[in-house]
Each structure stands twice: as structure tokens, then as C-alpha cells.
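# Summary of structural features
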Amino acid sequence: RWSNEVAPILLNMPFSILGVLFMFLLGLAAGKIGVFKHFSNHRRLVVTVWWITLAGSVPLLLMIMLLHFGIVDYGMLTDYAIDTFVVLSGYLLSLFYISSLLILLQKEAWQRVLKPFSFAGRMALTNYLMQTVIGVGLFTGLNYFGEMNLALGTLICIIVFPLQIGFS
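What comes next concerns the included structure. For clarity, every value in this text was computed on a predicted model and none was experimentally measured.

This part takes up the layout of surface pockets. Over the atoms rolls a probe the size of a water molecule, and its path tells where empty space is left. Roughly 310 Å³ of volume is contained in the largest pocket. Residue assignment for the lining of the largest pocket shows that the elements contributing at least two residues are α1 (2–33), α2 (39–68) and α3 (78–104). Per-element tally for the lining of the largest pocket: the top contributor is α1, with 6 residues. Partitioned by chemical class, the residues of the lining of the largest pocket number 13 nonpolar, 3 polar and no charged. Taken as a whole, the second largest pocket encloses approximately 200 Å³ of empty space. Lining the second largest pocket, in full, are Gln-131, Ile-134, Gly-135, Leu-138, Phe-139, Met-148, Gly-153, Ile-156, Cys-157, Val-160, Phe-161 and Gln-164. Secondary-structure elements contributing two or more residues to the lining of the second largest pocket are α5 (124–141) and α6 (150–167). Per-element accounting of the lining of the second largest pocket gives the leading share, 6 residues, to α6. Within the lining of the second largest pocket, the residues separate by chemical class into 8 nonpolar, 4 polar and no charged.

Bringing the packing of α1 against α3 into the picture now. Contact geometry of α1 with α3 gives a least axis separation of 12 Å together with a crossing angle of 20°. In terms of orientation, α1 and α3 fall into the roughly parallel class. Crossing geometry of α1 relative to α3 is assigned as right-handed. In contact with Gly-19, Met-23 and Leu-26 of α1, α3 contributes Tyr-91, Ser-94 and Leu-95. The residue inventory of the contact of α1 with α3, partitioned by class, reads 4 nonpolar, 2 polar and no charged.

Bringing the nonpolar core into the picture now. Within the largest apolar cluster, 7 residues are counted, these being Leu-60, Met-63, Ile-64, Leu-67, Ala-81, Ile-82 and Phe-85. Elements with a contribution of two residues or more to this core: α2 and α3. Considering every element that reaches this core, the biggest residue donor is α2, with 4 residues. Non-local contacts of Met-63, meaning those with residues more than four positions away in its chain, are made with Val-72, Tyr-74 and Phe-85. Counting residues in each nonpolar core, the second largest holds 5 residues, with Ala-30, Val-35, Phe-39 and Leu-102 among its members.

Rules of the game
Residues numbered from 1 in each chain as written. Predicted model: local features only at pLDDT ≥ 70, side-chain atom pairs only at ≥ 80, totals over all residues. Heavy atoms only, no water. 1 Å grid on protein atoms, 1.4 Å probe; cavity = no way out; pocket = protein on both sides within 12 Å on 5 of 7 lines; lining within 4 Å. Points joined across faces, edges and corners; volume = space filled by probe spheres on them. Helix = DSSP H or I, 4+ residues; strand = E, 2+ residues; numbered from the N terminus. Nonpolar A, V, L, I, M, F, W, Y, C, P; charged D, E, K, R; others polar. Axes fitted to C-alpha atoms, helices over the stretch in contact; angles between N-to-C directions. Parallel < 35°, antiparallel > 145°, perpendicular 65-115°, else oblique. Left-handed = near helix turned anticlockwise from the far one by under 90°. Contact = heavy atoms within 4.5 Å. Core = buried A, V, L, I, M, F, W, Y, C linked by side-chain atoms within 4.5 Å. Buried < 20%, exposed > 50% of the residue type's maximum accessible area, 1.4 Å probe, protein only.

See below:
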């Protein structure tokens with residue numbers, strides 16, 4: 001699988017690193033100005049980010065769907081267009097998710113609901129490695145490589161992640 005997986009990842013790495021570095025620096029800046037510790041002082045900023053990222057994500061996701069189903073076609077560039085929109089929507093959606101969580105965590109009821117996820121977050125590397133072991137087992141051991149559909153993948157996630165939360 002070297003030519004299918006490793007080579008494209010290595011070729012894309014310089015571009016991927018820039019995006020990841022940007023997100024790390026953005027998180028560092030948010031931490032430095034106290035967004036996470038002193039939310040009440042930054043509520044307006046977080047709510048503004050929430051609205052902007054929601055408004056920006058919807059058209060990008062719509063465009064991904066239109067391209068994927070062939071309603072919009074850029075010919076030879078369609079795959080590149082999809083990749084571009086996926087990357088852009090990923091950045092916006094990550095900020096949308098973070099701002100959503102910050103807003104939700106201001107309410108005590110949501111703190112109780114989301115508390116179990118904090119345990120998995122504290123063991124993120126262990127859980128990531130365990131997901132890798134489970135994935136390798138499914139894809140190679142049960143020969144699901146290239147055969148798994150969205151429904152089966154979702155079902156596996158619904159089973160594995162709660163188990164990992166309990167373990168954490």
C-alpha cells in the first residue's frame with residue numbers, strides 16, 4: 001500500500017504541516033488571551049466566531065455535496081476542488097466545534113453531559129493508538145480494507161468510542 005497511502009501522505013506533508021501549525025498557533029493565541037480560562041470576558045468573540053464559522057461552513061459543505069454527486073462539475077479539477085473545499089471546511093468546522101463546546105460548557109447541565117469525554121481527552125494518545133490497533137485488526141485481520149461502508153464504520157465508532165470512554 002506504499003504507493004496508495006504513504007507516498008501521497010509524504011507528498012502532502014509540507015502543506016498539511018502548515019495547516020496544523022496554523023491551528024496550533026490559533027489555539028495557543030486563544031489560550032494566551034484567556035479565552036478558555038476567562039470565557040465571560042471573551043463571550044462576544046466566541047459567539048462571533050461561532051456565527052462566522054457556521055455561515056462559512058454551510059456553503060462549503062453544500063459545495064462538497066454538489067461536487068460529490070456530480071451536480072456541479074469542474075471536469076478534471078473536480079477532485080482537487082473537493083479536496084480544497086474539504087480542507088477549508090475542516091478549518092472552519094473545527095473552530096465551529098470548539099466555539100460550540102465553549103458556549104455549551106458555560107451551562108452546568110452540559111458540563112455534566114460532556115464530563116465523560118474529558119476522561120477520553122486525558123488519555124488521547126492511548127485512545128488514538130488503541131483505535132489504530134482496532135482499525136488495523138479490522139482492516140487486515142478481517143480483510144475489510146476498501147470494503148467498509150459508512151454505515152458499518154459508524155456502527156464500529158458507536159461501539160468502540162463508548163468502550164474507550166469507559167476504559168479511560
